[in-house]
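Results of the structural survey
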Amino acid sequence: MIPIEVYLIFAAVLFAIGAYGVVVKNNTIVVLMCIELMLNAANINFIVFSAFTTDVLGQVFVIMSISVAAAEVAVGIAILLNAYKIKGTIEADGLASMRW
Amino acid sequence: MMFDSSIVTTIFAEFSPLAPMIVMIIGALVMPAVFFATKRKSAVAAVMIAVIAISMLFNVLMMVDGYQADYAGLFAYDAFAGVMILLFQIVAFFTALVSVSSSETTRMHYGAFNALLLAATTGMMFVATASDLITIFLGIELASITSYVLVAMKRSDPRAAEAAVKYVIFGGLSTALTLYGLSMLYGVAGTTNIEDIAIALSTQDFSWAFGIAMITMIAGFGFKIAAVPFHAWAPDVYEGAATPVTMFLGTGSKKVGFVALFKIFLVIFVAASSTAAFATEELQYIFAIIAAITMTVGNVVAISQNNIKRMLAYSSIAQAGYILIVMAVMSEYALASGMFHMFTHVFMKGGAFLIVGALITVGIGEKISDYQGLAKRAPFIAFAMTLFLFSLAGIPPLAGFTSKLFLFSSAIYDGGVMTQWVWLAFVAVLNSAISLYYYTRVVKAMYIEKGANAERIKIPKTFTAAIVTCVVFVIILGLFPQLIMDFCADAAAVLFG
């Protein structure tokens with residue numbers, strides 16, 4: 001049987017890749033995708049802990065968080081669409097008129 | 001039938017702990033229908049205010065009666081939930097009241113605007129009653145996702161579009177961090193019920209997984225409460241959003257993060273600190289350092305702001321720093337005074353944002369220089385703004401002074417003994433002095449500097465009503481703090497009980 005640490009490290013790496021993408025990517029849609037990666041890393045954690053302790057609440061949590069993530073992406077894309085209509089760009093550099 | 005919480009239990013039976021939220025959800029569902037049926041903003045606003053008033057009535061009845069009940073182990077209504085629900089309802093009430101006559105709120109989608117406002121408030125109230133990680137997470141997300149849309153609803157304004165994008169991205173990042181922390185906490189404790197987590201943790205040593213959970217959750221909730229260094233989004237979002245929405249975010253949305261922090265961290269700490277295996281000292285120091293940095297950065301950066309919404313946003317960040325003292329001190333009195341400060345913050349910061357919104361509606365800009373000569377043009381507005389700003393700075397006998405006095409004194413003495421957080425109280429007092437500088441700049445512009453225009457200003461009636469209410473509460477809570485402080489003390493006793 002694969003030990004629990006392997007899954008946790010996998011999730012942590014996924015989380016780190018997502019966090020890296022959020023920091024360095026300029027395209028806001030890619031940033032949203034990276035946030036999804038981070039959320040999925042947390043979901044994997046929940047599933048793993050749930051499977052190793054035979055407690056089902058973790059899986060319930062994952063179903064909830066997947067639907068929350070879907071809602072968040074729907075709203076996020078709509079807001080990006082609105083920003084593209086008004087400002088003509090969704091690059092992070094083009095959305096920096098307000099500073100300090 | 002007596003006029004007490006039995007009314008609520010008769011109507012809602014086993015769903016009584018959720019009664020205020022159920023009213024709000026029904027309101028959110030009918031709001032677009034009301035708008036399409038009447039096509040009038042005033043009709044929607046009337047229904048909206050009625051819904052919030054009914055919900056508030058139920059909550060006050062339950063709160064005054066000391067009603068306590070639990071729903072399915074996921075929600076629990078107690079004194080703490082009652083006080084925080086009341087706070088969120090007051091914020092929603094003011095927002096609904098002024099958004100009807102504000103020139104910044106949407107005209108086409110006014111039904112949807114109000115539905116989203118109610119949904120966001122419901123999410124906040126769910127967090128206040130939640131007793132499980134799942135419901136806390138869902139409540140926070142319900143409040144956040146609707147807030148993103150509320151910010152973006154000021155269509156055709158490039159600043160609002162940009163603010164909404166920043167809010168979605170930072171909010172999503174905060175969600176991801178929080179969820180990762182919650183998953184680690186679930187892994188360590190093996191359950192999602194907060195009290196069971198506290199019991200499970202009190203029997204085990206510090207583990208690296210628990211450390212990761214704490215760090216990611218502090219970062220995640222730090223974004224929600226706009227604590228430095230996670231504050232970058234707040235000034236942009238507050239500047240870009242319509243001013244009633246800014247008020248809603250600054251006074252309501254920010255408190256959600258605090259409620260979740262109190263619920264998760266305080267319960268864990270209190271249960272765990274009874275065992276020697278669990279050291280909370282380090283985490284208390286982390287919170288103390290974050291609090292000190294947050295209030296200093298907020299106040300120092302606010303000095304250089306020329307846009308009044310941005311200045312108030314940075315002052316909001318500083319206020320979050322003051323409230324974070326609660327997490328460092330972690331005594332029952334500190335929690336009670338922190339909650340009291342949240343209440344006074346709603347009236348003083350809310351009142352200041354209301355005045356900014358009212359002045360934008362009558363065509364005055366957002367720059368501090370636009371406020372020159374305001375005392376001649378609108379004497380009452382200038383006077384009210386002065387009161388709110390002095391209250392924020394902590395000038396007696398206003399509400400801000402009383403709540404800051406309670407909060408800072410909780411950091412100095414705990415049960416008659418000097419605590420190790422005296423330096424934190426010192427930093428906070430020093431910061432209050434700094435904040436007086438930039439608040440006085442606005443007062444100086446209003447009273448001393450001469451404006452180009454000397455025409456009288458007439459602001460909409462709903463704004464006047466909301467501002468007068470805020471003025472009354474800022475004075476009353478300053479002189480008679482026990483009106484709300486008693487409820488806060490009961491609420492704090494619940495979490496520490």
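For the structure itself, look to the data block above.
The rules behind each value
Residues numbered from 1 in each chain as written. Chains lettered and ligands numbered in written order. Predicted model: local features only at pLDDT ≥ 70, side-chain atom pairs only at ≥ 80, totals over all residues. Helix = DSSP H or I, 4+ residues; strand = E, 2+ residues; numbered from the N terminus. Rg over C-alpha atoms; globule rule 2.2 N^0.38 Å. Contact = placed C-beta atoms within 7 Å. Core = buried A, V, L, I, M, F, W, Y, C linked by C-beta atoms within 7 Å. Buried ≥ 20, exposed ≤ 12 C-beta atoms within 10 Å, placed from the backbone. Axes fitted to C-alpha atoms, helices over the stretch in contact; angles between N-to-C directions. Parallel < 35°, antiparallel > 145°, perpendicular 65-115°, else oblique. Left-handed = near helix turned anticlockwise from the far one by under 90°. Nonpolar A, V, L, I, M, F, W, Y, C, P; charged D, E, K, R; others polar.

**Notes on the overall build of chain A**
Assigned secondary structure in chain A consists of 3 helices and 0 strands. Along chain A, helices (α) and strands (β) appear in the sequence α-α-α when read from the amino end. Relative to the compact-globule value of 13 Å for 100 residues, chain A shows a C-alpha radius of gyration of 17 Å, a clear excess of over 25%. Once local pairs closer than 6 in sequence are excluded, the contacts in chain A between residues at least 24 apart make up 45%.

**Comments concerning the nonpolar core**
B:Ala164 and B:Ile325 are the most contacted members of the largest nonpolar core, which totals 235 residues. When residues in this core are grouped by element, the largest group, 20 residues, is from helix 7 (residues 158-189) of chain B. Those residues in contact with B:Ala164 that lie beyond four places of it in its chain are A:Ile79, A:Ala83, B:Tyr148, B:Val151 and B:Ala152.

**A word on the packing of helix 12 (residues 281-303) of chain B against helix 13 (residues 308-329) of chain B**
All names here are of chain B. Where helix 12 contacts helix 13, the axes come no closer than 7 Å and their chain directions differ by 160 degrees. Classified by the angle their axes make, helix 12 and helix 13 are roughly antiparallel. Considering the relative orientation of helix 12 and helix 13, their crossing is left-handed. Here Gln284, Phe287, Ala288, Ile290, Ala291, Thr294, Met295, Gly298, Asn299, Val301 and Ala302 of helix 12 come into contact with helix 13, specifically with Met311, Tyr314, Ser315, Ile317, Ala318, Ala320, Gly321, Tyr322, Leu324, Ile325, Met327 and Ala328. Looking at the contact of helix 12 with helix 13, its residues break down into 17 nonpolar, 6 polar and no charged.

**Some words on the interface of chain A and chain B**
Taken residue by residue, the interface counts 36 residues in chain A and 33 residues in chain B. At the level of secondary structure, the elements contributing two or more residues to the side of chain A that touches chain B comprise helix 1 (4-24), helix 2 (28-53) and helix 3 (57-87) of chain A. No other element matches helix 3 of chain A, which puts 17 residues into the side of chain A that touches chain B. Counted by class, the side of chain A that touches chain B contains 24 nonpolar, 9 polar and 3 charged residues.

**Quick notes on the packing of helix 4 (residues 79-99) of chain B against helix 20 (residues 482-496) of chain B**
Residues and elements named next belong to chain B. Running from amino to carboxyl end, helix 4 crosses helix 20 at an angle of 135 degrees, the nearest separation of the two axes being 7 Å. Our classification of the angle between helix 4 and helix 20 gives oblique. Note on packing geometry: the crossing formed by helix 4 with helix 20 is left-handed. On the side of helix 4, the interface is formed by Ala79, Phe80 and Val83, while helix 20 contributes Phe487, Cys488, Asp490, Ala491, Val494 and Leu495.

**Brief notes about the environment of B:Leu182**
All names here are of chain B. Assignment of secondary structure puts Leu182 in helix 7. For the pair formed by Leu182 and Ala213, sequence separation is 31 residues and the distance between their alpha carbons is 6.6 Å. Sequence-distant contacts of Leu182, that is, excluding residues within four places in its chain, are made with Leu133 and Phe137.

**Comments concerning unusual backbone geometry**
Residues and elements named next belong to chain B. With an omega of 5 degrees, the peptide bond running from Val228 to Pro229 counts as cis. Checked against the element boundaries, Pro229 lands in the loop between helix 9 (208-225) and helix 10 (233-240). Cis peptide bonds are those with omega within 30 degrees of zero, and the linkage from Pro396 to Pro397 qualifies with 5 degrees. Within the secondary structure, Pro397 is located in the loop between helix 16 (379-393) and helix 17 (399-412).

**Describing the environment of B:Ala234**
Residues and elements named next belong to chain B. Its location among the elements puts Ala234 in helix 10. Separated by 68 residues in sequence, Ala234 and Lys166 place their C-alpha atoms 9.2 Å apart. Once residues lying within four places of it in the same chain are set aside, the contact partners of Ala234 are Ala226, Ala313, Ser316 and Ile317.

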